[in-house]
Amino acid sequence: MNLTLHVWRQAGPDASGRMVRYEARDISPEMSFLEMLDVVNERLMEAGEVPIAFDHDCREGICGSCSLMIDGVAHGPNRGTATCQLHMRSFRDGDEIHVEPWRARAFPVVRDLVVDRAALDRIIAAGGYVSAPTGSAPDGNATLVPKDAVETAMDAAQCIGCGACVAACPNGSASLFTAAKITHLGLLPQGQPERARRARRMVERMDIEGFGQCSLYGECQEACPKEISIDTITRMNRDYLRTALVPPRAPAAESD
């Protein structure tokens, strides 16, 4: 395949950026999108040019660091697919592809396609700890968890923190990310003692970081590579309102 790439190049956070045109020649349809960028970078370095900076790690759709805007779509054209899982067979020979970093106030560009997503880490940190009772291990069957609750919690736990929901949202909201993290623990027995404080602190931290407000536009769940539902946002809002309306008190187990 022969492709034309239009890639965002920006030397640093304070530098001005621009789209630069590159020709990607003899690309195998079986390559992943990141492998294609590797090939382009190898040819740039052979020509004595500065390679394109982009973030990646596991390349297995687990870590979320491969965050790219491809033709205006977070992670590219395939639903439920991270950029590292996107293969060039999803494009056609001769296509022109535009590649940009996430665009959100809370995700400042570090260089080229790399953005600083530390704001998401700070939201998680704001949630605090999970109580771990000491003593002998409890009987595994002593605490029954409804099947629906387990499945919903595990669906939310799939969030890889890539930030696609933020990049796709017209408001730049991190509500789907935050809601997934809150829902994951909020439905399980281990997450009950700190459930109220966790919701309040994480939502407040999200606002401090400069993310936009959620208007339930729904684009976040369309862009999410793990297809997490915006139903989690409703659950987050309920938990947060509960803490806002009820005076603070000592941690206690809370039912769903």
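As a reminder, the structure under discussion sits directly above these lines.
Residues numbered from 1 in each chain as written. Predicted model: local features only at pLDDT ≥ 70, side-chain atom pairs only at ≥ 80, totals over all residues. Heavy atoms only, no water.

Draft legend 1. Spotlight on the overall build of the protein chain. Within the protein chain, the secondary structure is distributed over eight helices and seven strands. Overall, the C-alpha framework of the protein chain stretches about 65 × 40 × 35 Å when taken along its three principal axes. For the protein chain, with 256 residues in total, the buried portion stands at 46%. The contacts in the protein chain between residues at least 6 apart in sequence include a share of 68% that link residues at least 24 apart. Looking at charge distribution, the protein chain has the averaged site of its 27 positive side-chain charges lying 6 Å from that of its 35 negative ones. (Helix = DSSP H or I, 4+ residues; strand = E, 2+ residues; numbered from the N terminus. Buried < 20%, exposed > 50% of the residue type's maximum accessible area, 1.4 Å probe, protein only. Contact = heavy atoms within 4.5 Å. Lys, Arg positive; Asp, Glu negative; His and termini not counted. Charge placed at Lys NZ, Arg CZ, Asp CG, Glu CD.)

Draft legend 2. Structural context of the packing of aromatic side chains. Throughout the structure, instances matching the rule amount to two aromatic pairs. Judged by centre distance (5.9 Å) and plane angle (45 degrees), the rings of Phe33 and Phe91 are tilted. Of the two residues, Phe33 sits in helix α1 (residues 33–46) while Phe91 sits in the loop between β4 (73–74) and β5 (96–100), which places them 58 residues apart along the sequence. Assigned by exposure class, Phe33 and Phe91 land together as buried. Aromatic side chains Phe107 and Phe211 sit 5.8 Å apart centroid to centroid with 80 degrees between the ring planes, which places their arrangement in the edge-to-face category. A residue pair is termed long-range when its members are at least 10 positions apart, and Phe107 in the loop between β5 and β6 (109–111) and Phe211 in the loop between α6 (195–208) and α7 (219–223) qualify at 104 residues. Using a relative accessible area of 2% as the deciding quantity, one classes Phe107 as buried. Here Arg103 stacks its cationic end above the ring of Trp8, 4.3 Å away from the centre of that ring. (Phe/Tyr/Trp six-rings, centres within 6.5 Å; stacked < 30°, edge-to-face > 60°. Lys NZ or Arg CZ within 6 Å of the ring centre and 35° of its normal.)

Draft legend 3. Broad picture of unusual backbone geometry. Notably, Asp112 is not glycine yet its phi reads approximately 50 degrees, a positive angle. Position of Asp112 relative to the elements: it lies in the loop between β6 and β7 (114–115). In this structure, Leu216 is a non-glycine residue whose phi angle is positive, near 55 degrees. Considering the arrangement of structural elements, one finds Leu216 in the loop between α6 and α7.

Draft legend 4. Representation of a nonpolar patch on the surface. A contiguous nonpolar patch, built from Val145, Val150 and Met154 and spanning about 200 Å² of accessible area, is present on the exposed surface. Among the secondary structure elements, Met154 is positioned in helix α3 (residues 147–157). (Patch = residues over 30% accessible without salt bridge, like charges linked within 9 Å, V, L, I, M, F, W, Y side chains within 5 Å. Areas by Shrake-Rupley, 256 points an atom, 1.4 Å probe, with all protein chains shown as cover. Salt bridge = Lys/Arg side-chain N within 4 Å of Asp/Glu carboxyl O.)

Draft legend 5. A look at the packing of helix α5 (residues 175–186) against α6. In the contact formed by α5 and α6, the axes pass within 10 Å of each other and the chain directions differ by 170 degrees. It follows that α5 is roughly antiparallel to α6 by the angle criterion. Only Arg195, Arg198, Ala199, Met202, Val203 and Met206 of α6 make contact with α5, whose side of the interface consists of Ser175, Thr178, Lys181, Ile182, Leu185 and Gly186. (Axes fitted to C-alpha atoms, helices over the stretch in contact; angles between N-to-C directions. Parallel < 35°, antiparallel > 145°, perpendicular 65-115°, else oblique.)

Draft legend 6. Highlighting the sheet that holds strand β3 (residues 69–70). Taking strand neighbours across the sheet as the criterion, the five strands line up as β2-β1-β5-β3-β4 in an open arrangement whose pairing is mixed. Each of the sheet's edge strands pairs with one partner strand only, and the pair in question is β2 (18–24) and β4. As judged from the seven bridges shared by strand β1 (residues 3–9) and β2, these two strands associate in the antiparallel manner. Residue pairing across strands places Val7 opposite Val20, the latter belonging to β2. Seen against the sheet, α1 touches β1, β2, β3 and β5 and runs at an angle of roughly 90 degrees to β2. (Pairing = 2+ DSSP bridges.)

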